Amino acid sequence: MTQWVIYSGLLIALLLPIVGTIEFKTPRNVEAENFFQLIEDNVKPGDIVFVSLDFGPGTAAENLPQANTVTEHLFRKGAKILFLSFSPQAEPFLSGVPTSVTARLKNEGLDLKYGEDYAIAGFRPAPAVFLQRLVLSQNLAESLENDIYGTRISTLPLANNLKSIRDVSAWFEFTGLAGMVQNYIQYLNTGNLVKFFHGCTSVIVPEAYIYKDSKQILGLLEGITGGVVYDELLSKRYENRARYSEFSTQFQSLSLGQLYILFLILLGNLLTLIKNVRN
Amino acid sequence: MSKGIDIFFKLTVFVVAGYFIFDFFYSSLVSEVTVTERITPELLTGAAIISGMAFALGTLNLFLNHIKRVSLFLRGWFFSLVLLLSLITTLSAGIVDLINNERANLTLAFISKLLTSDDPDYWKNKFPRLTKKLVVKCGEELPRECLVRVQAEYQEKLAKKGLPNFLFKFLTDAFFVPLGQAMFSLLAFFIASASFRAFRFNNYLSLALLLSALIVLLGQNGFVVALFPELVGFRTWLLNYVSSGVFKVINISAIIGGLIIAIRIWLSMDKSFK
């Protein structure tokens, strides 16, 4: 009986923002604001950036808002993006994220072309091996081999100036996998060779803070909060832009769910205390 | 295992691991292109191929185990059957997509060859029909700019058709993504139940843990931060200083432990597989 009451309470808490009865302001997030400003200051039109989508369906609720909003910002800044992933579960998002973002921007008159403005390298196994090869490569575009259509990436206009890792202006990684970020930090020599930006779930964010402290991660986005705050910052910067309302709703559901769980913890402890006092 | 073979394997491990250690320090000390910068990428490609083979072996093992369960009607045979059918369906979808991709991507692959090959005439003579198709669009000379433009057009056409990997995408979008998300969503209910039943603060340490969790969670909660904006700063301080400090200790300890294990494996002192 108690279990059903708990589950029903959680379901109601999660549904309230979805059915539209509760809505509140997005909180401030200092890291998201810094991330935004770093892209504004460092990414210029024509810069080549890599975006790694190392997440699967399980953590897509947190990583997808981050990936969508940052990709949109990079496209608006005129960057040329190469999408790839080291997680086989990221396959649906590797084509989904660029497709949805470019479709959104097309409605605002920004027509982005595959091969010129972006390309999708696809899934690559063994990140440690692959990243080491990239760093050692004398012809980076050739090392990347084929894209998802089987075309040599070196033949795409985007790869015209891609000779070595130093031609990559920044690398953005979005993941929910613990330990994945260490591959990039270790093998890309982030902080010296490559400017590295990281978006992760709330669960693994503490392990990313230590690298932010040592400037091996320049920008950090924390969970769905980071994505939603970033969305708001983008709307402030680009006035006619439509916001991602579904991400905002997800965040509000999550917030209410968290409050409910905290309430359950306190309630459980209070009931135990009362029981102990009676005994 | 005979002593000779044992020594041979130990020597191989020592030499191969030693090469990578040498290459790491040598490349960073020498500024010009070295011979190791030509050898190492090939070795790393070999390592990736071996990982792929390990994957295949694992799949074969899975297959054999579950076929045995199904054929002997052992406990849980139905779930083994579901697993086998899913495995066969996904493998088949991958193979069918590979064949479709090869057919659809033939023109793209041909254009890639023309753009990257040292002898494009060889490829023009080998595929006269494809060459004729491109000559109609680009003229006899087949200039690079035109080939790149035609390449982009084909890619757009493939994307509109849902290629590449049409079947695989369907399986992923229809089954894998919704099932994966549903499975992770169930965790929310388990956490709710566990937080009511199990999370008890019996001493000061568990109370400190609860208070820290409260601050971090509430500091990113829009509803609470609207009432108490100072929580954002307190949360950031807790993550930047307290949590980071602890994680640095844990990480350094884990890395030192990993280094010791790596040295033991390099020197074949690790007996865990004997």
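This text follows the structure it describes.
Bear in mind the structure is a predicted one, so any value in this text is a computation, not a measurement. Once a new chain begins, its residue numbering starts again from 1 and follows that chain's sequence as written. Chain A is the first chain written and ligand 1 is the first ligand written, with later ones labelled in order. With pLDDT at 70 or above as the cut-off, local features in this predicted model cover only qualifying residues; side-chain atom pairs require 80 or more to be listed or tallied, and sums for whole chains, interfaces and linings still use all residues. Think of the side-chain values as coming from all heavy atoms in the structure, minus any hydrogens and water.

Asks: Explain a positive patch on the surface here, please?
Replies: Residues and elements named next belong to chain B. A cluster of basic side chains, namely R129, K133, K137 and K157, defines a positive patch on the protein surface. Under the DSSP-based scheme used, a helix requires at least four consecutive residues in state H or I and a strand at least two consecutive residues in state E, with every element numbered from the N terminus. With three residues, the single largest contributor to the positive patch is helix α6 (residues 128-138). Within the fold, R129 resides in helix α6. Only residues whose relative accessible area exceeds 30% and that form no salt bridge enter a patch; like-charged residues are grouped when within 9 Å of one another, and nonpolar side chains (Val, Leu, Ile, Met, Phe, Trp, Tyr) when within 5 Å. Accessible areas in this description were obtained via Shrake-Rupley with a 1.4 Å probe; residue shielding takes into account the shown protein chains only. By definition, a salt bridge exists where a carboxyl oxygen of Asp or Glu is found within 4 Å of a side-chain nitrogen of Lys or Arg. Neither His nor the chain ends is counted toward charge; the positive residues are Lys and Arg and the negative residues Asp and Glu. By convention, charge coordinates are those of NZ in Lys, CZ in Arg, CG in Asp, or CD in Glu.

Asks: Please clarify how helix α3 (residues 60-76) of chain A should be interpreted in this entry.
Replies: Each full turn of the α-helix corresponds to 3.6 residues, which orients residues three or four apart in the same direction. All names here are of chain A. With 17 residues, α3 extends 23 Å from end C-alpha to end C-alpha; this agrees with the ideal 24 Å at 1.5 Å per step. Note on exposure labels: buried denotes an accessible area under 20% of the residue type's maximum, exposed denotes more than 50%, and partly exposed covers the range between, all computed with a 1.4 Å probe on protein chains only. Summarising burial for α3: 15 of the 17 residues are buried, a large majority. G78, located one to two residues past α3, shows a positive phi value of around 85°. One less than the number of residues in a helix, times 1.5 Å, gives the span that helix is expected to have.

Asks: I keep staring at the state of the cysteines and nothing clicks. Help me out?
Replies: What makes a disulfide is a covalent bond joining the sulfur atoms belonging to two cysteines. Residues and elements named next belong to chain B. By disulfide we mean two sulfur atoms from cysteines, separated by a distance within 2.5 Å. Considering all chains together, one arrives at one disulfide over all chains under this definition. With a sulfur-sulfur separation of 2.0 Å, C138 is cross-linked through a disulfide to C146. An S-S torsion of about -80° defines the bridge between C138 and C146 as left-handed. Residue C138 shares its accessibility class with C146, and that shared class is buried.

Asks: Teacher, can you tell me more about the environment of G219(B) here?
Replies: Residues and elements named next belong to chain B. Along the polypeptide, G219 turns up in the loop between α9 (204-218) and α10 (222-227). For G219, a relative accessible area of 2% puts it in the buried group. Between the C-alpha atoms of G219 and E230, which are 11 residues apart in sequence, the distance is 8.4 Å. Contact criterion: two residues are considered in contact whenever any of their non-hydrogen atoms come within 4.5 Å of each other. The residues contacting G219, other than those within four sequence positions of it, are L214, V225, L231, V232 and R235.

Asks: Before we go on, may I ask you to explain the interface of chain A and chain B in this structure?
Replies: You'll often see interface size given as the accessible area lost when the parts meet. Opposite the 57 residues of chain A that make contact, chain B presents 61 residues. Buried area: the accessible surface (1.4 Å probe) lost by two parts on joining, summed over both. Between chain A and chain B lies a buried interface of about 5400 Å² when both sides are counted; carbon and sulfur atoms form 67% of it. At the surface where chain A touches chain B, the tally comes to two salt bridges. Here K248(B) makes a salt bridge to D213(A), at a shortest N to O gap of 2.4 Å. In protein, a polar contact means a hydrogen-donor-capable atom and an acceptor-capable atom, both N or O and within 3.5 Å, with residues adjacent in sequence counting only if both atoms are side-chain atoms; elsewhere, any N or O pair within 3.5 Å suffices. Viewed at the interface, chain B and chain A are joined by eight residue pairs in polar contact (both at pLDDT 80 or more). The biggest single contributor to the side of chain A that touches chain B is helix α10 (residues 245-278) of chain A, with 13 residues. Residues are sorted three ways: Asp, Glu, Lys and Arg are charged, Ala, Val, Leu, Ile, Met, Phe, Trp, Tyr, Cys and Pro are nonpolar, and all the rest, Gly among them, are polar. The class makeup of the residues in the side of chain A that touches chain B is 28 nonpolar, 19 polar and 10 charged.

Asks: Even after reading the chapter, I still don't get helix α5 (residues 127-136) of chain A, so can you show me in this structure?
Replies: Burial within α5(A) is extensive, with seven of its 10 residues counted as buried. Within α5(A) the residues assigned to the buried category are P127(A), V129(A), F130(A), L131(A), R133(A), L134(A) and L136(A).

Asks: I would appreciate a short explanation of the packing of aromatic side chains in the present structure.
Replies: Two numbers describe a pair of aromatic rings. These are the distance of the centres and the angle of the planes. The rule is short: rings of Phe, Tyr and Trp, with Trp giving its six-membered ring, pair when the centres are within 6.5 Å, and they are stacked under 30 degrees, edge-to-face over 60, tilted in between. By the definition in use, this model includes 30 aromatic pairs over all chains. Aromatic pair Y19(B) and F20(B): ring centres 5.4 Å apart, planes at 80°, arrangement edge-to-face. Judged by relative accessible area, F20(B) falls into the partly exposed class, the value being 28%. Three or more aromatic residues link up through ring pairs in this structure, and these residues are F50(A), F86(A), F130(A), W171(A), Y184(A) and F196(A). Throughout this description, the term charge over a ring refers to an Arg CZ or Lys NZ atom that lies within 6 Å of the ring centre and within 35 degrees of the ring normal. When the ring centre of Y238(A) is taken as reference, the NZ or CZ atom of R76(A) above it lies at 4.7 Å. The positively charged end of R237(A) is found above the aromatic ring belonging to Y238(A), 4.7 Å away from the centroid.

Asks: Can you help me understand the pattern of salt bridges in this one?
Replies: Think of it this way: side chains of opposite charge can pair up when their charged atoms draw near. In this structure the tally under the stated criterion is 18 salt bridges over all chains. For D231(A), the salt bridge is made with R241(A), and the minimal N-O distance between the two is 2.5 Å. Of this pair, D231(A) sits in helix α9 (residues 223-237) while R241(A) sits in the loop between α9 and α10; the two residues are 10 residues apart in sequence, bridging distant segments of the chain. For R241(A), a relative accessible area of 6% translates into the label buried. Ionic pairing is found between D121(B) and K124(B), a salt bridge with its closest N-O pair at 3.7 Å. Of the two residues, D121(B) and K124(B) are both situated in helix α5 (residues 120-126); the distance of three residues between them amounts to about one turn of the helix. Accessibility expressed as a relative area gives 22% for K124(B), which makes it partly exposed. Through salt bridges that share partners, E72(A), R76(A), R104(A), E108(A), D231(A), E232(A), R241(A) and R243(A) make up one connected network.

Asks: Please explain a nonpolar patch on the surface as it appears in this structure.
Replies: Residues and elements named next belong to chain B. On the surface, L11, F14, V15, L259, I263, L267 and M269 cluster together into a nonpolar patch covering about 640 Å² of accessible area. Of all the elements in the fold, those that place two or more residues in the nonpolar patch are α1 (3-29) and α11 (230-266). With three residues, α1 is the largest single contributor of residues to the nonpolar patch. Residue placement: M269 occurs in the segment after α11. Judged by its relative accessible area of 41%, M269 is partly exposed.

Asks: Please clarify how the pairing of strand β4 (residues 168-175) of chain A should be interpreted in this entry.
Replies: Taken residue by residue, a regular strand's side chains alternate between the two faces of the sheet. Residue and element names in this part refer to chain A. For β4, a buried count of seven out of eight residues is recorded, marking the element as mostly surrounded by other parts of the structure. Strand direction decides the pairing type here: β4 and strand β5 (residues 196-200), joined by five bridges, are parallel. Bridging from a neighbouring strand, F172 pairs with F197 of β5. Following the backbone out of β4, through helix α7 (residues 180-187) and into the adjacent parallel β5, one traces a crossover that is right-handed. At least two bridges found by DSSP between two strands are what make those strands a pair. Orient the strands so they point away from the viewer, and a crossover whose first-strand-to-second-strand path over the helix runs clockwise is right-handed.

Asks: Would you mind going over the packing of α9(B) against α11(B) with me for this structure?
Replies: Relative orientation and spacing of two packed helices are given, respectively, by the angle between their axes and the distance between those axes. Residue and element names in this part refer to chain B. To get an axis, a line is fitted to the C-alpha atoms, and for a helix only the part in contact is used. The angle between two axes follows their N-to-C directions and goes from 0 to 180 degrees. Contact geometry for α9 and α11: axes closest at 8 Å, N-to-C directions at 120°. The angle between the axes of α9 and α11 places the two elements in the oblique class. The chirality of how α9 crosses α11 is left-handed. Residue-level inspection shows S212, I215, V216 and L218 of α9 in contact with α11, the latter providing L231, F234, R235 and L238. Oblique is the label for any angle not covered by the other classes, which are roughly parallel (under 35 degrees), roughly antiparallel (over 145) and roughly perpendicular (65 to 115). Handedness of each helix crossing follows the sense of rotation of the near helix against the far helix: counterclockwise by less than a right angle gives left-handed, clockwise gives right-handed.

Asks: In this structure, what is going on with unusual backbone geometry? I would like to understand it.
Replies: What you tend to see is this: most non-glycine residues have negative phi, and most peptide bonds are trans. The backbone phi angle of E145(A) is positive, close to 60°, even though this residue is not glycine. Counting through the fold element by element, E145(A) comes out in the loop between α6 (140-143) and β4. For F73(B), which is not a glycine, the phi torsion comes out positive at approximately 50°. Position of F73(B) relative to the elements: it lies in the loop between α2 (36-71) and α3 (77-104).

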